Amino acid sequence: DTLLVKSPSMNKEIKVVVVTPDAALGKKAVSCPAVYLLHGFGGHAKTWIEIKPNLPQIADEKGIIFVCPDGSTSWYWDSPKDPSFRYETFVSSELVKYIDGHYKTIADRKGRAITGLSMGGHGGLWTAIRHKDTFGACGSTSGGVDIRPFPKNWDMAKRLGDYESNKEIWDTHTVINQIDKIQNGDLAIIFDCGEADFFIQVNKDLHNRLLEKKIDHDFITRPGGHTGEYWNNSIDYQILFFDKFFKK
């Protein structure tokens with residue numbers, strides 16, 4: 001389904017693609033868990049279907065609903081500089097309420113996971129860590145999990161202000177500095193990155209930070225770059241991880 005979901009906080013409609021398994025449809029529908037899939041910078045609501053055309057088959061096979069919202073160039077923040085960008089509120093609250101109201105979901109953190117690629121990998125971890133009452137599992141593939149080494153890239157300065165004069169905002173809007181908000185066991189966490197990816201070092205830094213804090217997580221590196229071919233493969237492992245979480 002390609003939907004337009006109203007965001008009261010932004011006062012506009014956001015495009016969302018929902019892939020529903022057969023199990024959640026019809027008279028004998030059963031409640032199914034949902035995985036929220038966030039796209040990267042320059043992407044859109046259909047990015048994940050384009051990268052992974054067999055998502056409908058995976059949905060049927062695993063009994064998982066996939067929810068793919070358009071996140072614009074937001075980095076999935078509520079921008080402190082631009083009130084028209086409230087994508088954290090949209091994804092963590094407005095969209096979840098809509099999906100639970102219109103689909104046969106498991107309306108509980110035990111039945112919700114969120115992940116994404118690149119900008120969406122940042123968004124998956126950012127959203128779950130800050131809304132662990134809503135999401136029970138989270139992930140990132142090739143994620144920009146520390147934004148500060150890249151101050152001039154991907155419109156981030158439009159959302160946060162320029163780095164030089166807004167260092168504190170940048171420090172508080174990067175995933176790696178959110179780790180203090182969670183304890184071990186609060187979230188099921190998986191993230192990965194290709195060894196040839198420009199985000200590889202910040203992912204290794206996040207892995208080390210989590211190890212220091214003794215927070216359990218799955219971290220995978222494998223050959224590959226920042227490419228659709230890499231994500232087409234990597235998302236299979238994350239779906240497997242989330243499926244195991246849902247079945248606990």
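Details of the structure are given in the entry above.
Residues numbered from 1 in each chain as written. Predicted model: local features only at pLDDT ≥ 70, side-chain atom pairs only at ≥ 80, totals over all residues. Heavy atoms only, no water.

1. Quick word on the overall build of the chain
Formally: The way it works is that DSSP assigns letters per residue, a run of H or I at least four long becomes a helix, a run of E at least two long becomes a strand, and they are numbered from the N terminus. Each radius of gyration is computed over the set of C-alpha atoms, and the globule rule expresses the reference value as 2.2 Å times the number of residues to the power 0.38. Only protein chains enter the area calculation, which uses a 1.4 Å probe; residues under 20% of their type maximum are buried, those over 50% are exposed, and those in between are partly exposed. The contact rule is simple, with two residues in contact once any of their heavy atoms fall within 4.5 Å. Surface exposure here means Shrake-Rupley accessible area, sampled with a 1.4 Å probe, where a residue is shielded only by the protein chains that are shown. Positive charges come from Lys and Arg, negative ones from Asp and Glu, while His and the chain ends are left out of the count. Charge coordinates come from a single atom per side chain, which is NZ of Lys, CZ of Arg, CG of Asp or CD of Glu.
Counting its secondary structure elements, the chain contains eight helices and eight strands. Here the C-alpha atoms of the chain give a radius of gyration of 17 Å, agreeing with the 18 Å that 2.2 N^0.38 yields for 248 residues. Overall, the chain is about 55 × 40 × 35 Å in size when its C-alpha atoms are taken along their principal axes. For the chain, buried positions account for 56% of its 248 residues. In the chain, 73% of the contacts between residues at least 6 apart in sequence involve partners at least 24 apart. Total accessible area on the chain is roughly 10500 Å²; 50% of this is exposed by carbon and sulfur atoms. With 31 positive and 32 negative side-chain charges, the chain shows a spacing of 4 Å between the two charge centroids.

2. Considering the environment of Asp 70
Defined as follows: Here a polar contact is taken to be a pair of N or O atoms separated by no more than 3.5 Å, where protein atoms must pair a possible hydrogen donor with a possible acceptor and residues adjacent in sequence count only if both atoms sit in side chains.
Looking at the element boundaries, Asp 70 is found in the loop between β4 (65-69) and α3 (87-102). Apart from residues lying up to four places away in sequence, Asp 70 is in contact with Ile 14, Lys 15, His 39, His 44, Ala 45 and Tyr 87. Of note is the side chain of Asp 70, whose polar atom sits 2.7 Å from the backbone nitrogen of Ser 72.

3. Focus on unusual backbone geometry
Despite not being glycine, Trp 75 shows a phi value in the positive range, around 60 degrees. By the element assignment, Trp 75 lies in the loop between β4 and α3. Accessibility expressed as a relative area gives 2% for Trp 75, which makes it buried. Even without glycine at this site, Tyr 76 takes up a positive phi of about 65 degrees. Here Tyr 76 lies in the loop between β4 and α3.

4. Focus on the pairing of strand β1 (residues 2-7)
As a reminder of what qualifies: Paired strands, as defined in this entry, are two strands with at least two bridges between them according to DSSP.
Here β1 shows one buried face, formed by Leu 3, Val 5 and Ser 7, and one open face, formed by Thr 2, Leu 4 and Lys 6. Bridge count for β1 against strand β2 (residues 12-19) is six bridges, and the pairing is antiparallel. Bridge pairing links Thr 2 to Val 17 in β2. Between the end of β1 and the start of β2, which pair antiparallel, lie four residues, with Asn 11 showing a positive phi angle near 55 degrees.

So far we have only geometry, and geometry alone does not tell us how the molecule works.
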